[in-house]
There are 2 protein chains.
Amino acid sequence: MTDLISVNQALSQILSEFSSLPPEEIEISEALFRTLAEDIHSPFDLPLFSNSSVDGFAVCASKDIRAGLRGNFTLPVVGDIPAGVQTNLRLGKGETARIMTGAPLPEGADAVLPVEDTSYPYRDGSAPLPTEVTFYRFPKPGENVRPRGQDVQKGQKLLIKGRKLQPQDIGMLATLGLDRIPVVRKPRIALFSSGDELLSPGIPPQPGKIFDANSYSLGLLAQREGAEVIRLGVARDQYQAVVDLFEKAKNANTDLILTSAGVSVGAFDFVRQVLEEHGQVKLWRVNMRPGKPLTYGSFAGIPVISLPGNPVSAFVGFLVFVRPVIAKLTGLEPTPPATLPVILEHPVLSDGRESYLRAIVQKTQDGFVARLTGHQGSGNLYSLVQANALLIIPAGVKSLPAGETVQAWLLDDEPLPVLEKPE
Amino acid sequence: MTDLISVNQALSQILSEFSSLPPEEIEISEALFRTLAEDIHSPFDLPLFSNSSVDGFAVCASKDIRAGLRGNFTLPVVGDIPAGVQTNLRLGKGETARIMTGAPLPEGADAVLPVEDTSYPYRDGSAPLPTEVTFYRFPKPGENVRPRGQDVQKGQKLLIKGRKLQPQDIGMLATLGLDRIPVVRKPRIALFSSGDELLSPGIPPQPGKIFDANSYSLGLLAQREGAEVIRLGVARDQYQAVVDLFEKAKNANTDLILTSAGVSVGAFDFVRQVLEEHGQVKLWRVNMRPGKPLTYGSFAGIPVISLPGNPVSAFVGFLVFVRPVIAKLTGLEPTPPATLPVILEHPVLSDGRESYLRAIVQKTQDGFVARLTGHQGSGNLYSLVQANALLIIPAGVKSLPAGETVQAWLLDDEPLPVLEKPE
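Residues numbered from 1 in each chain as written. Chains lettered and ligands numbered in written order. Predicted model: local features only at pLDDT ≥ 70, side-chain atom pairs only at ≥ 80, totals over all residues. Heavy atoms only, no water.

Which entries qualify depends on this criterion: UniProt positions are given in the numbering used here, feature names are shortened, and annotations may be inferred rather than shown by experiment.
An unreviewed UniProt entry annotates chain A as Molybdopterin molybdenumtransferase originating from Bellilinea caldifistulae. Taken from UniProt, the Pathway (unreviewed entry) comment for chain A reads in full: "Cofactor biosynthesis; molybdopterin biosynthesis." Among the UniProt annotations of chain A, the heading Function (unreviewed entry) holds the following wording: "Catalyzes the insertion of molybdate into adenylated molybdopterin with the concomitant release of AMP."

Rendered as structure tokens:
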């Protein structure tokens, strides 16, 4: 099969045709896992003002120490500074003020002693502000003070363009007073399956027919990678039915059309034919297993990736080609899934194509070992459900003995078998 | 501080008060990352009927071989079986029928030769059904046939209760014809911050005030773990304001109320006082850093976890206590985040509490090494933004030398530094 393109060559060609989508401005509460479209610099110092890191009593420690204060001593309480106020208090030598966590330090003060280390009855919620308080120890200058600019300086670059935003990042953006931020627009992907044999779930099985799995697994894969998915259902095995769904996809204003089935060598495989006549087929058939009939092209100028119809082939084709395309569209690096070298528990046969085999990877004393999950037919979705990894058998390899090391792609979002559990 | 509870003890006590929420039935297209509430057994064999795994020509290979057919030979084409039909065709010795991938095998047939291995002009989409076809090689009995029940038998348990559903699982459910499935109901979590110093982002900074980060970072953490979050904003530092937001949370029909700030020893910390007077404080102050003032209790019978107000303390408290609670509510194992043993690049000081320090973990030739991300103040969210892990320094430890191994919790959803990249 000399006309088959290698996986890497196909991926490079496909990726070269996509770039990051334009930015849009959204509310930070909607920004989880979105890609930041611009660098974010701090508009001010953080902390914004010197403040107390504890609930306690502020003093002018340097002056007091020079004045000879040490050990136990009692000071007059000359003020009370709750959080959230602007204080005009000026603290002098030998004076103290009650201060709450986060409240601005009064002028002159340079340390705070926690309430726990004073005579103040802090467990009594209704205790009034005392007129004097006894210190059980002497705070060091700077103790429990968060000086202005300690963490971040005005103008400092805090978050870099291209970052996939996590909860802590969005907390940081809030801290900077930002309620809206520029992120890369979500890719819009239209999705349909094709085939007269496909039934939508929710009805009894019918002779000769099977239920459409790909509309669900591919749609949710795309959603998991951050795309907005427009589901268009199933196209019948008729030329015009396929054209109609492509038209619908085009009119839905999509960045990518994703289809499954209809791209092999069957007499009723119209997807490729429609692309040839209404757009372009740029790439057909890749040297991989499963997934060989993969087709890349365009319909009315919109990029199209057509995956094979077998559910495992479609799934693997998605991970190999569509996942990196979505990453690139969303402004992220199109990296492969998390990968781990694993040891084969048993011999593995291949057919010379780059193969993606469903496997269970487990951690043992000898390292990570892998065994295949039963029958590897490309229609057998159960082999994928049982698996936690895909073993990658390189092109040109027809068999590997037990004990050989191969690369595995981890399938689930939490690679639990890989990592240690704490004792 | 003999009144501090250990992290493990506090976690056990809190977890013992939660159990999995009841099931609800939802559409499979909405089920990504939801927890399956019942075992799923297959209602039928898979494949449902014996079918072809290629586009090709079906033959009665066993009979034909016994009849002496070998090498190149030409057979009459007696039928055409597209996918999706119920065929009544009965194939005899020395006959063939065109068959498409996934189409039911006709009675009598036991092998399919791919079109590529025949004289059929498969690259010509408009080629009509031929009256005869030449086979360039002889198919083995069983070749390219997917027998009924090869992958799954009727009644077989395919997906187990408690599984967090991935795209391939939902594809499997579709394959079984299921459009609705029982999943564990999503936890509803009401969230508010408290403090007169808190501003909502989107306005200019004001003297003495800071922007509320926790409403965002905690809300998005809870959302990331699968909860539905009801954001109630910020309670002023007044007893009645805090009561009012708790009432609002109660009326929102929530499974858990999550608050931040107001639980320390400050004179305006009303959250704990409100719990004491309108419900119960079951646990206060844990032997951890940051996060000591953590409070667990109830308001009008609804469980309440009150985290400290400092953004890093709130974040760490969430990971340690709230994340496992959400896991348990959603029917999952309340496991800790993915954990990795790492080597300290430099000495680390602690204060004897169980400490969670922000760090960068990197893979080196010597293994995974960790260094702290600058100033570790619990108000310094930037130290968390820079980190990809939290180092756990056990209780009772006050310092660790460089080279020591500690456990690290990985923070991001993709633990990229941990895993190999393929060459």
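Here's the deal with the packing of aromatic side chains
Residues and elements named next belong to chain B. Stated precisely, the cut-off is as follows: Any pair of Phe, Tyr and Trp rings, taking the six-membered ring for Trp, is counted once the centres come within 6.5 Å. Such a pair is stacked with planes under 30 degrees apart, edge-to-face with planes over 60 apart, and tilted for the rest. Only DSSP runs of H or I covering at least 4 residues are called helices, and only runs of E covering at least 2 are called strands; the numbering of each starts at the N terminus. A 1.4 Å probe rolled over the protein chains alone gives each residue an accessible area, and that area as a share of the maximum for its type sets the label: buried under 20%, exposed over 50%, partly exposed in between.
Under the criterion given, the structure shown has 18 aromatic pairs over all chains. Each ring, one from Phe18 and one from Tyr296, has its centre 6.3 Å from the other, and the planes form 55 degrees; the classification is tilted. On the criterion of sequence distance, the pair formed by Phe18 in the loop between helix H1 (7-15) and strand E1 (23-27) and Tyr296 in strand E19 (residues 295-299) is long-range, its members being 278 residues apart. Judged on exposure class, the residue Phe18 and its partner Tyr296 are both buried. On the numbers, 5.1 Å between centres and 85 degrees between planes, the contact of Phe192 with Phe246 is edge-to-face.

Focus: the interface of chain B and chain A
By a widely used convention, the size of an interface equals the accessible area lost when the partners come together. Using the following cut-off: The contact criterion used is simple: two residues touch if any of their non-hydrogen atoms lie within 4.5 Å. Salt bridge, as applied in this entry: a Lys or Arg side-chain nitrogen positioned within 4 Å of an Asp or Glu carboxyl oxygen. Here a polar contact is taken to be a pair of N or O atoms separated by no more than 3.5 Å, where protein atoms must pair a possible hydrogen donor with a possible acceptor and residues adjacent in sequence count only if both atoms sit in side chains.
Across the contact, 101 residues belong to chain B and 101 residues belong to chain A. Taken together, the connections running from chain B to chain A amount to two salt bridges. Across the pair Glu116(B) and Arg285(A) runs a salt bridge, and its minimum N-O distance is 3.5 Å. For the pair chain B and chain A, the number of links is 17 residue pairs in polar contact (both at pLDDT 80 or more). Listed by contribution, the elements that provide at least two residues to the side of chain B that touches chain A are strand E10 (157-159), helix H3 (167-175), strand E14 (210-211), helix H4 (214-224), helix H7 (311-329), strand E21 (339-344) and helix H8 (381-386) of chain B.

A look at the relation of the copies chain B and chain A
These two copies of the chain differ by a rotation about an axis and a displacement along the same axis. The test is simple: The copies were overlaid by least squares, fitting only the C-alpha atoms of residues that reach a pLDDT of 70 or more in each copy.
Superposition record for chain B on chain A: RMSD 0.1 Å, screw rotation 180 degrees, translation along axis 0.0 Å. Both chain copies can therefore be described as sitting about a two-fold axis. Comparing interface residues between copies, 100% of those in chain B also lie at the interface in chain A; the contact surface is shared.

Let's talk about the packing of helix H5 (residues 239-251) of chain A against helix H6 (residues 271-278) of chain A
All names here are of chain A. Definition in use: Axis definition: a line fitted to C-alpha atoms, over the contacting stretch in the case of helices. Angles run 0 to 180 degrees between N-to-C directions. Less than a right angle of anticlockwise turn of the near helix away from the far helix marks a crossing as left-handed, whereas a clockwise turn marks it as right-handed. All amino acids are sorted into three groups, where Ala, Val, Leu, Ile, Met, Phe, Trp, Tyr, Cys and Pro are nonpolar, Asp, Glu, Lys and Arg are charged, and the leftover types, Gly among them, are polar.
Between H5 and H6, the shortest axis-to-axis distance is 9 Å and the interhelical angle comes to 65 degrees. The hand of the H5/H6 crossing is right-handed. Every residue of H6 that contacts H5 at Tyr239, Val242, Val243 and Phe246 is listed here: Val271, Gln273, Val274, Leu275, Glu277 and His278. Here the residues of the contact of H5 with H6 sort into seven nonpolar, two polar and one charged.

Some remarks on the pairing of strand E11 (residues 180-184) of chain B
Residue and element names in this part refer to chain B. Counted only if it meets this: By the convention used here, strands pair only if DSSP detects at least 2 bridges between them.
Most of E11 is tucked away, with four of its five residues classed as buried. Two strands pair when backbone bridges link them, and E1 and E11 are joined in this way by five bridges, in the antiparallel orientation. Bridging across to E11, Ile26 finds its partner in Ile181.

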